[in-house]
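A look at the structure
These are the residues of each chain, in order.
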Amino acid sequence: MTISLEPAGPAHRLYLSQLALYLRHSRQILAAWDLYSDRHSDPETFQPHDEDAYGRRQQKRDADTLSAFGRVYYHADELVHVAERQLAGLSPSARTRRYAWQVRELRDATQRLYAVHDDWRAARAALPESARPGTKAYEEPLAESYAEAWSYLDQWTIHGQALFAVNALAQRQSTASAPALPATAPVRKATATPSRVRRSRA
């Protein structure tokens, strides 16, 4: 894997902005799911009142979360790699150690997401020709793939904010360590010599 993403460069800022959209959207999806789950499950046993309806709603949560991850998916490994580079240049502390753990969690989640996607592509290629989108033979393995991906997407929802924190710390340290510009001596303005006014004799 070749990573050419420059920390704090235009592409890095764009990918972080896409991640910010995902974090906001995924939290909304999760809040809506929690509300649904609370309303449609027994408060004591936590068993759903209608398992089929509950399962369909859970599949929608999984699919919506993966869709929200959309653009982030293609650059997730780059974002993680840049955060690891930035962490390597930061002074060790309890805070940076916590961020390092979160970034490792993101790296693991990203690798597993890519593996799930590869597995789905292989499974889809092995489906019979009659298994097209909308058919049970297609939708069931697709739903299983979404369900497997969801826990890794949830790791991004939980730990994704660490990438912003690491970037902020790295930028702050970079600014603090930048050499100060030499002070320039004030420019003295030349004083104009008053011209002699020749008076005519009356």
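Everything below is about the structure shown above.
Read on for a plain summary of the structure. (Residues numbered from 1 in each chain as written. Predicted model: local features only at pLDDT ≥ 70, side-chain atom pairs only at ≥ 80, totals over all residues. Heavy atoms only, no water.)

**Description of the pattern of salt bridges**
In a structure, side chains of opposite charge can pair up when their charged atoms sit close to one another. As a reminder of what qualifies: Criterion for a salt bridge: a side-chain nitrogen of Lys or Arg within 4 Å of a carboxyl oxygen of Asp or Glu. Numbered from the N terminus, helices here are DSSP runs of H or I no shorter than four residues, and strands are runs of E no shorter than two.
By the definition in use, this model includes five salt bridges. Residue Lys-60 pairs with Asp-64 through a salt bridge whose shortest N-O separation is 2.6 Å. Here Lys-60 pairs with Asp-64, and both are found in helix α2 (residues 51-73), just four residues apart, close to one helical turn. Two residues, Glu-84 and Arg-107, come together in a salt bridge whose shortest N-O distance is 2.7 Å. Residue Glu-84 is located in helix α3 (residues 76-88), and its partner Arg-107 is located in helix α4 (residues 94-125); the two are separated by 23 residues in the primary sequence.

**With respect to the packing of helix α1 (residues 10-39) against α2**
Helix-helix packing is characterised by the crossing angle of the two axes and by the distance between the axes. Applicable threshold: Axis geometry follows a simple rule: fit a line to the C-alpha atoms, using only the stretch in contact for helices, then measure angles between N-to-C directions, giving values from 0 to 180 degrees. An angle below 35 degrees is read as roughly parallel, one above 145 as roughly antiparallel, one from 65 to 115 as roughly perpendicular, and any other as oblique. Note on contacts: a residue pair qualifies if any of its non-hydrogen atoms lie within 4.5 Å across the two residues. Amino acids outside the nonpolar list (Ala, Val, Leu, Ile, Met, Phe, Trp, Tyr, Cys, Pro) and the charged list (Asp, Glu, Lys, Arg) are all regarded as polar, and Gly is one of them.
Look at α1 against α2: their axes get within 8 Å of each other, and the N-to-C directions meet at 170°. The orientation of α1 relative to α2 falls into the category roughly antiparallel. Between α1 and α2, the residues in contact are Gln-18, Leu-19, Tyr-22, His-25, Ile-29, Ala-32, Trp-33, Tyr-36 and Ser-37 and Ala-53, Tyr-54, Arg-57, Gln-58, Arg-61, Asp-64, Thr-65, Ala-68, Phe-69, Arg-71 and Val-72, respectively. The residue makeup of the contact of α1 with α2, split by class, is eleven nonpolar, five polar and four charged.

**Notes on the packing of aromatic side chains**
Using the following cut-off: In summary, the pairing rule links any two rings of Phe, Tyr or Trp, Trp by its six-membered ring, whose centres are within 6.5 Å, and it sorts them by plane angle into stacked for under 30 degrees, edge-to-face for over 60 and tilted for everything else. Buried residues are those whose accessible area, probed at 1.4 Å on protein chains only, stays under 20% of the maximum for their type, while exposed residues exceed 50% and partly exposed ones sit between those limits. Any Lys NZ or Arg CZ that is within 6 Å of a ring centre and within 35 degrees of that ring's normal is treated as a charge sitting over the ring.
Overall, the coordinates contain eight aromatic pairs when judged by the stated rule. Arranged with centres 5.4 Å apart and planes meeting at 85°, the rings of Trp-120 and Tyr-138 form a pair that is edge-to-face. With Trp-120 in helix α4 and Tyr-138 in helix α5 (residues 136-159), this pair connects stretches of sequence that are 18 residues apart. Neither Trp-120 nor Tyr-138 differs from the other in exposure class; each is buried. Cluster of aromatic residues (ring-pair linked, three or more members): Tyr-22, Phe-69 and Trp-156. In this structure, Arg-61 is placed above the aromatic ring of Trp-33, and the distance from its NZ or CZ to the ring centre is 4.9 Å. In this arrangement the basic side chain of Arg-61 is found over the ring face of Trp-150, its NZ or CZ atom lying 3.7 Å from the centre.

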